[in-house]
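Given next are the chains, with one letter for each unit.
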Amino acid sequence: MIELHSIRKAFNQGHDNEYWALDGIDLHIEAKKVTALRGPSGSGKTTLLTIVGCLSRPTEGRVRLLGEDISGLPERFLTEIRRRRFGFIFQQFNLIRGLAALDNIILPAYPTGRPRRELLDRAEELLAGLKLGHRRHAKVEWLSGGEQQRVAICRALINDPEVLIADEPTANLDTHLAGEFMGILEGLAAQGRTILLTSHDPLVVESAVVQRVVDMRDGKLLSSPR
Amino acid sequence: MKLWLAKQRYLIDFTLASLARRKARNLGLLFVYIVLVFMLASVTLYTHALRQEAARVLAASPEVILQRMVAGRHDLIPPGYQERIGRIRGVQKVEGRLWGYYYDAVTKANYTFMVPAENAPAAGEIIVGPALERARGLAKNNGISFRSYSGKLHTFIVAEVLPQASELVSADLVLMSEASFRAFFDYPAGHYTDIALSVANPLEVRNVAVKLAAALPDARPILRDEVLRTYASIFDWREGIVLALLSAAILAFGILAWEKASGLSAEEKREIGILKAIGWETGDVIKMKFWEGLLISLTAFLIGFVAAYVHVFHFSASLFEPVLKGWAVLYPRFQLTPHIDGVQVATLFFFTVVPYAAAVLVPIWKAAITDPDSVMRS
Amino acid sequence: MRPADRALLLLLAGVAAFTLCFADAARLRGAAGADEAERTRLVAQLRLTDLALFTEARYTRHPSQADLHSAFQDHPLAFEHFPSGSLIGPPPGLVQSHSKVGGDGTAIPAAEVSK
Ligand SMILES: Nc1ncnc2c1ncn2[C@@H]1O[C@H](COP(=O)(O)OP(=O)(O)OP(=O)(O)O)[C@@H](O)[C@H]1O
Ligand SMILES: [Mg+2]
């Protein structure tokens, strides 16, 4: 599904604080599988996620999505790909304060101009699937951490993307909620979505849901597939 | 097209929701903005309508008024002066005008006493302007006494009150017969206040003035063109209160725009990052903000302008009254005929809507072109 | 109703009110014809030269008839007495004529006068 070829990523390139966060990554992320990135803090996991999810471009190397080279595409096309093919679940959830749960969920679909009724129906359906239907009109800042994450998951799914990207999804959750999240993840994997996540949490990386763990250190991959 | 509209509606939805989050602040801003447009539009509408009115009405004033000047002061026309004008080609009529000012100690107001060239009232009778009617509580057939400058009391009967419709030109007039006028002011016989000349052909007016100036070096011809020009430049933007108002408005507007243009809060920057990360294009973010600027500035312009229109043309610009009245006791009550200058309205629109919309966009531009990967951190 | 639709509708109402102003102006102009004729008739009949806007002083009551010195009757450096004096400037004809110290009193170039 996604192939990375000798990806390198530099921050502040050309300045004296130049830093190579990724240094030669070759990775093939298979479709319809759950892949986890593991590694110490600062090893470049988040940076790799932003490159896979078209949030940023590699300094060197190629990214192929479904066989097509996307690393050289202009910003507009990257945005379009991001919108159609990727759903993001951020560590901080990154919901827009002041908006109701439903309004947050349908936000990624605004640029598509799809009918609002259709979007709301879909959002209700997603919320109901995560047992959050009763909080649909609550402003997101009133929701608990676990509820916020479920709203964020619904938002990631509104455009029905093939790939879900989650950065440290359980870092802000207690053990019980993390367990619930793994349950949700299992359901999503069962729907046939490709899932890429990063985690330190043994509960995540050692769970049966995760089919492949990739270890990273200092911007490089350590192991071949488990 | 339908898709485009659907998208814009979403963008407006979002921008309204973010405006609603800081409701008090944004409503306050909108209010200040409306007041600003209201003031500027009121001044613009009022002054333009007044200038138009003056131009139309005073087009009927005499072609040339001839004043005699003595030591830089307007002086009486002595007997024999009119004859010295002699026969100038193109001049149809030469008439002495008799008019002057009277300070009424009762109302502490100034009146303009005048002898009409046609249809003068009978001796002992006067015709009064509508403001006088109000100030002195006069009506037809009432008697009124004025103490003349020589100390004598003169009593007149009000034969008629000039129609309210003419108040803009006649508010303080007291019309009387020549005999009454001369008796009241002890006006020397054969003297006049100034001379009105009618010239049939407008092309000849300048020539006539040149000849008048040559024949009577101590005279000062005032052409109708000059009268009209005086009123065409009345309430010029450079003048006193208009300038003060204008600079205050511009200052307020500057603060408003600066507040917007000076940057985004961290919260807003974060939001833009989120929107871009979840699939909004840079263009969508900018359009969304553009709608914000447009909605606010357009709302302010429309409400401000309509309110100004109603204020000026349905409430006689009553908020300006204290300013326009000045120290005058007699103040004409008049309803301006709404002549609106499209170019002025367009200028007002341009200078109130565009800078604000631009001020909203500038900081967004900077924020919107940054990489969306920042949302993954922090 | 959606906020966007409400806002657009409101804006549309605003635009309608804005256009209505112009329609109303046209109506009032039409209705004011007789009154304006009345004023014009009076101006012609009485040989009037000025609007009766400010009655407090000679040069504000009849700005077009004022001589250059009337605003400074008391002293050439006297401050303006009346607020209305700050609303109406010196008649342009006056300033022009005195700008050349010919003293012929109008805006007619001195060369023309000598002809
Ligand atoms: N914008 C940036 N400018 C400079 N350096 C950066 C920037 N973003 C990340 N880095 C650096 O790149 C390295 C990799 O960061 P990254 O966030 O990918 O690590 P990570 O593996 O996700 O760590 P963690 O487990 O703590 O989230 C870090 O050393 C970080 O300091
Ligand atoms: Mg990280």
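Everything here concerns the structure above.
Residues numbered from 1 in each chain as written. Chains lettered and ligands numbered in written order. Predicted model: local features only at pLDDT ≥ 70, side-chain atom pairs only at ≥ 80, totals over all residues. Heavy atoms only, no water.

A short note on the overall build of chain A
So the rule is basically this: Only DSSP runs of H or I with at least four residues qualify as helices, and only runs of E with at least two residues qualify as strands; both kinds are numbered from the N terminus onward. As a reference, a globule follows 2.2 Å times the number of residues to the power 0.38, and the radius of gyration itself is taken over C-alpha atoms. Residue exposure (1.4 Å probe, protein chains only): buried if accessible area is under 20% of the type maximum, exposed if over 50%, otherwise partly exposed. It only takes one pair of heavy atoms within 4.5 Å for two residues to be counted as in contact. The protein chains shown are the only cover counted for residues, whose accessible areas, like all others here, come from Shrake-Rupley with a 1.4 Å probe.
Tallying secondary structure elements over chain A gives seven helices and 10 strands in all. Against the 2.2 N^0.38 benchmark of 17 Å for 226 residues, chain A shows a C-alpha radius of gyration of 18 Å, consistent with a compact globule. In terms of overall dimensions, chain A has C-alpha extents of about 50 × 40 × 35 Å along its principal axes. Looking at chain A as a whole, 55% of its 226 residues are labelled buried. Relative to all contacts within chain A whose residues are 6 or more apart in sequence, the contacts with residues 24 or more apart total 70%. Put simply, chain A shows about 9,600 Å² of open surface, and 47% of that area lies on carbon and sulfur atoms.

Some words on the pattern of salt bridges
The criterion, for reference: Salt-bridge detection follows one rule: a side-chain nitrogen of Lys or Arg within 4 Å of a carboxyl oxygen of Asp or Glu.
According to the stated counting rule, one finds 41 salt bridges over all chains in the structure shown. Its salt-bridge partner being A:Arg8, residue A:Asp23 comes within 2.9 Å of it at the nearest N-O pair. Separated by 15 residues along the polypeptide, A:Asp23 in strand 2 (residues 19–29) and A:Arg8 in strand 1 (residues 2–11) bring together distant segments of the chain. Classification of A:Arg8 as partly exposed rests on a relative accessible area of 24%. Note that B:Arg224 is salt-bridged to B:Glu63, the shortest N-O span being 3.6 Å. Of this pair, B:Arg224 sits in helix 8 (residues 224–232) while B:Glu63 is found in the loop between helix 2 (23–57) and strand 1 (64–70), placing the two residues 161 residues apart along the sequence. Residue B:Arg224 is classed as partly exposed on the basis of its relative accessible area, which comes to 21%. Salt bridges sharing common partners tie together A:Arg8, A:Asp23, A:Glu60 and A:Lys220.

Here we look at unusual backbone geometry
All names here are of chain B. For Asn141, which is not a glycine, the phi torsion comes out positive at approximately 75°. Mapped onto the fold, Asn141 is located in the loop between helix 4 (130–136) and strand 6 (143–147). Assessed through its relative accessible area of 56%, Asn141 is described here as exposed. A positive phi angle, close to 55°, is found at Asp186, a residue other than glycine.

Quick notes on the interface of chain B and chain C
So the rule is basically this: By buried area we mean how much accessible surface two parts lose on assembly, using a 1.4 Å probe and totalling the loss over both. In protein, a polar contact requires one atom able to donate a hydrogen and another able to accept it; more generally it is a pair of N or O atoms within 3.5 Å, and residues adjacent in sequence count only if both atoms are side-chain atoms. Ten residue types, Ala, Val, Leu, Ile, Met, Phe, Trp, Tyr, Cys and Pro, are classed as nonpolar, four, Asp, Glu, Lys and Arg, as charged, and the remainder, Gly among them, as polar.
Across the contact, 92 residues belong to chain B and 69 residues belong to chain C. Interface of chain B and chain C: buried area, both sides summed, is about 7,200 Å²; carbon and sulfur atoms make up 64% of it. One can count seven salt bridges joining chain B with chain C. Across the pair C:Arg47 and B:Glu118 runs a salt bridge whose closest N-O atoms are separated by 3.1 Å. Taken together, chain B and chain C are joined by 27 residue pairs in polar contact (both at pLDDT 80 or more). Among the elements that take part in the side of chain B that touches chain C, helix 11 (residues 282–314) of chain B stands out by supplying 10 residues, more than any other. Here the side of chain B that touches chain C is composed, by residue class, of 57 nonpolar, 17 polar and 18 charged.

Description of the sheet that holds strand 7 (residues 163–167) of chain A
Residues and elements named next belong to chain A. Here is the rule: One bridge is not enough; two strands pair if DSSP finds at least two bridges between them. Here the axes come from fitting lines to C-alpha atoms, over the contacting stretch only for helices, and the angles between their N-to-C directions go from 0 to 180 degrees.
One open sheet accounts for six strands, arranged 6-7-8-3-9-10; its pairing is mixed. Looking at strand neighbours, the two that pair on one side only are strand 6 (86–89) and strand 10 (220–221), the edges of this open sheet. Two elements, strand 3 (residues 34–38) and strand 9 (residues 212–217), share four bridges in a ladder whose sense is parallel. Looking at strand 9, one finds that Ala36 is bridged to Val213. Against the sheet, helix 2 (residues 75–85) touches strand 6 and strand 7, its axis set at about 75° to strand 6. Lying over the sheet, helix 5 (residues 145–157) contacts strand 6 and strand 7, oriented at roughly 170° with respect to strand 6.

Thoughts on the side chain of A:Arg155
Spelled out, the test is: His is not counted, nor are the chain ends; Lys and Arg add positive charge and Asp and Glu add negative charge.
One can find A:Arg155 in helix 5. Buried charge without a partner: A:Arg155 forms no salt bridge, and the closest opposite charge is B:Glu271, 10 Å away. At 3.1 Å, the side chain of A:Arg155 and the backbone oxygen of A:Phe93 are in polar contact. Among the polar contacts made by the side chain of A:Arg155, one reaches the main-chain carbonyl oxygen of A:Asn94 at a distance of 2.8 Å.

Points about the nonpolar core
Our working rule: For the purposes of this section, nonpolar cores are sets of buried Ala, Val, Leu, Ile, Met, Phe, Trp, Tyr and Cys residues that join through side-chain atoms within 4.5 Å.
The biggest cluster of nonpolar side chains holds 171 residues, and the ones touching the most others in it are A:Ile2, A:Phe86, B:Tyr46 and B:Trp280. Among the elements that line this core, the one with the most residues is helix 11 of chain B, at 17 residues. Residues B:Tyr111, B:Ile126, B:Leu132 and B:Val205 belong to the second largest nonpolar core, which totals 43 residues.

A word on the site of ligand 1
To be explicit about the condition: Any residue with at least one heavy atom within 4 Å of a molecule or strand is counted as near it.
Among the 15 residues in the neighbourhood of ligand 1, the closest are listed as A:Ser41, A:Lys45, A:Thr46, A:Thr47 and B:Arg377. Near ligand 1, residues from chains A and B are present, making the site a shared one. Within the backbone of A:Gly42, a nitrogen or oxygen atom sits 2.9 Å from an oxygen atom of ligand 1. In this structure, A:Ser43 approaches ligand 1 through a main-chain N or O atom, which is 3.3 Å from an oxygen atom. Computed on the free molecule, ligand 1 has an accessible area of 630 Å², of which 68% lies beneath the protein chains in the complex. No other element matches helix 1 (residues 45–52) of chain A, which puts three residues into the shell around ligand 1. For the shell around ligand 1, a count of residues per class yields four nonpolar, eight polar and three charged.

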